[in-house]
Amino acid sequence: MSDASNLQNRIRRGRFAPTPSGLLHIGNAFAALAAWLQIRQAGGEFLLRIEDIDKPRSRPAFADQQQDDLLWLGLDWDEGPRVGGPHTHYEQSKREELYEAALDQLRLAGKLYPCYCSRAELASIASAPHGLSSEGAAYPGFCSQLTEEEQAAKAIAKEPAIRFRMPGAPISFMDAFAGKQTYDGDALGDFVVKRADGMFSYQLAVVVDDAAMGITDVVRGADLLDSTPRQLALYAALDLRPPAFAHVPLLGDAGGERLSKRNKSLTLAALREEGVRPERLIGLIGYVAGWLEAPEAASAAELIPRFAPLRTGHEPLPIGDDLLRWLRQ
Ligand code: GLU
């Protein structure tokens, strides 16, 4: 069978991969709904993965609540926690052997180097998936050219973090919603794949897991846009086939402030507690996304035939107070 027909016959597989360090908010619901609708419309398989690699920040109670929230919205999953599946562990904290093996492969290919920079030196350039801008945050490469002797001398005093060497060439990809995106690999900088304390980074774990779980379509929030070129560089270095990527815009209030900042009142748990009906939340998101012509109560399943790739770009989408009032009616 040729590669092209293989691709055509491939079952589409999507996922939602929340980090259980807090409650899901309305913006997460948007990403989860878009990912779910795309796969359900395509007749594919949807899975849930718990990204609890940052153990100190993750809480089983949040993971549990997030799953309840998704089910409340009418979003189910074919594989993952509570339902199981062939990948056995759908929690990243239980998949570390796979990350270590990927690290070995990268090391053999000469793509990694130890970094001895201190926290203070790196204050603004941690390898967190969120809150990084490609401007000004790139690792300046202090440790990238150390000789073996220099490394050995530094290793006496401290355990290094492990960095991945980003290729210098531009990295482009088609965002399935917003079109072609191009990044300068140099400007993104070499990023941490394993921290000095032994924790694997989000960037490495997400690539290893999406590839191992056969994910064909990644739909997620635009806050992770900058992560995509980094992840594409990892796919290439690991000789893995990358999925298609699509990013949903963040939701903002009328003044442009991110709605997730008003976190307390706009978590799914709080809305539910207030008595908001899931059909209202789905209807609000469906309207903002352009799948509904007007805000109207709808179930997630009712939106399956209405789903269309977003053409909104990556700018935050405003949700005015009038819509938030409608939500609560
Ligand atoms: N775990 C990440 C988050 O909660 C999302 C990962 C992804 O979708 O690639 O933001």
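Note that this is a predicted model, so its numbers are computed, not measured.

It is worth spelling out the overall build of the chain at this point. Assigned secondary structure in the chain consists of twelve helices and eleven strands. Over its C-alpha atoms the chain spans a radius of gyration of 20 Å, differing by no more than 12% from the 20 Å that the globule rule assigns to 329 residues. Along the longest, intermediate and shortest principal axes, the C-alpha atoms of the chain span 65 × 50 × 35 Å. By the burial criterion, 52% of the 329 residues in the chain qualify as buried. A sequence separation of at least 24 residues applies to 76% of the contacts in the chain between residues at least 6 apart. A distance of 1 Å separates the average location of the 36 positive side-chain charges in the chain from that of its 44 negative side-chain charges.

The element helix 7 (residues 202-212) is largely enclosed, with a buried count of nine among its eleven residues. Of the residues making up helix 7, those classed as buried are Y202, Q203, L204, A205, V206, V207, V208, D209 and D210. Buried positions along helix 7 lie against strand 1 (13-16), helix 4 (96-108), strand 7 (191-194), strand 8 (217-221) and helix 8 (227-237). G214 sits one or two positions beyond helix 7 and adopts a positive phi of about 65°.

Attention now goes to unusual backbone geometry. The backbone of T88 sits at a positive phi, close to 60°, despite the residue not being glycine. Locating T88 in the fold gives a position in the loop between helix 3 (60-73) and helix 4. Even without a glycine there, the phi angle at D239 is positive, about 60°.

Attention now moves to the site of the ligand. Close to the ligand lie ten residues; R15, A17, E51, Y202 and R220 are nearest. Contact between the ligand and T19: a nitrogen atom at 2.9 Å from a side-chain N or O atom of the residue. Within the side chain of R220, one N or O atom sits 2.8 Å away from an oxygen atom of the ligand. Within the complex, the protein chains bury 87% of what would otherwise be the 300 Å² of accessible surface of the ligand.

All right, on to the sheet that holds strand 4 (residues 161-164) then. What the three strands build is an open sheet, ordered 3-4-7; its pairing is antiparallel. Edge strands, defined here as strands with exactly one partner in the open sheet, are strand 3 (112-115) and strand 7. Each adjacent strand pair in this sheet contributes to an overall mean axis angle of 45°, direction not counted.

To continue, consider the side chain of S58. Considering the arrangement of structural elements, one finds S58 in the loop between strand 2 (45-48) and helix 3. Residue classification places S58 among the buried positions, given a relative accessible area of 11%. A polar side-chain atom of S58 sits 2.9 Å from the main-chain carbonyl oxygen of D54. If we ignore the near neighbours within four places in the chain, the residues touching S58 are P20, S21, E51 and D52.

The subject of this paragraph is the pattern of salt bridges. What the rule picks out here adds up to 21 salt bridges. Notably, a salt bridge pairs R57 with D54, separated by 3.2 Å at the nearest N-O pair. Judged by its relative accessible area of 13%, D54 is buried. When salt bridges that share partners are traced, they join R15, R49, E51, R95, D209 and D210 into one network.

The next subject is the confidence of the model for the chain. Within the chain, residue pLDDT values average 91, and 91% of them lie at 70 or more. Across residues 1-5, confidence stays below pLDDT 50; counting only partners more than four residues off in sequence or on other chains, it has three contacts.

One can find L37 in helix 2 (residues 26-41). Put simply, L37 and P81 are 44 residues apart on the chain and 20 Å apart in space, counted from C-alpha to C-alpha. With residues near it in sequence (within four places) discarded, L37 still touches W291, A300, L303, I304 and F307.

Two residues of an α-helix separated by three or four positions point the same way, owing to the 3.6 residues in each turn. When the terminal C-alpha atoms of helix 4 are compared, their 19 Å separation across 13 residues agrees well with the 18 Å that a helix rising 1.5 Å per residue should span. Buried within helix 4 we find Y99, A102, L103 and L106. An end-on view of helix 4 places all buried positions within 105° of arc, on one side of the element. In this structure, helix 4 carries E97 and L108 as exposed residues pointing more than 90 degrees from its buried face. Buried residues along helix 4 sit against strand 3, strand 4, strand 7, helix 7 and helix 8. Just downstream of helix 4, G110 is the residue with a positive phi angle, here 75°.

Of note, Q181 is situated in strand 6 (residues 179-184). Exposure remark for Q181: the relative accessible area of 14% places this residue in the buried category. Of the polar contacts made by the side chain of Q181, one reaches the backbone oxygen of G179; its length is 3.1 Å. If near-sequence neighbours (up to four positions away) are discounted, Q181 is found in contact with I171, S172, F173, D175, L225 and H314.

Parameters and conventions
- Residues numbered from 1 in each chain as written.
- Predicted model: local features only at pLDDT ≥ 70, side-chain atom pairs only at ≥ 80, totals over all residues.
- Heavy atoms only, no water.
- Helix = DSSP H or I, 4+ residues; strand = E, 2+ residues; numbered from the N terminus.
- Rg over C-alpha atoms; globule rule 2.2 N^0.38 Å.
- Buried < 20%, exposed > 50% of the residue type's maximum accessible area, 1.4 Å probe, protein only.
- Contact = heavy atoms within 4.5 Å.
- Lys, Arg positive; Asp, Glu negative; His and termini not counted.
- Charge placed at Lys NZ, Arg CZ, Asp CG, Glu CD.
- Near = heavy atom within 4 Å.
- Polar contact = N/O pair within 3.5 Å; in protein donor to acceptor, adjacent residues only side chain to side chain.
- Areas by Shrake-Rupley, 256 points an atom, 1.4 Å probe, with all protein chains shown as cover.
- Pairing = 2+ DSSP bridges.
- Axes fitted to C-alpha atoms, helices over the stretch in contact; angles between N-to-C directions.
- Salt bridge = Lys/Arg side-chain N within 4 Å of Asp/Glu carboxyl O.
- pLDDT = per-residue confidence, 0-100.
- Expected span 1.5 Å × (residues − 1).
- Arc of directions from axis to C-beta.

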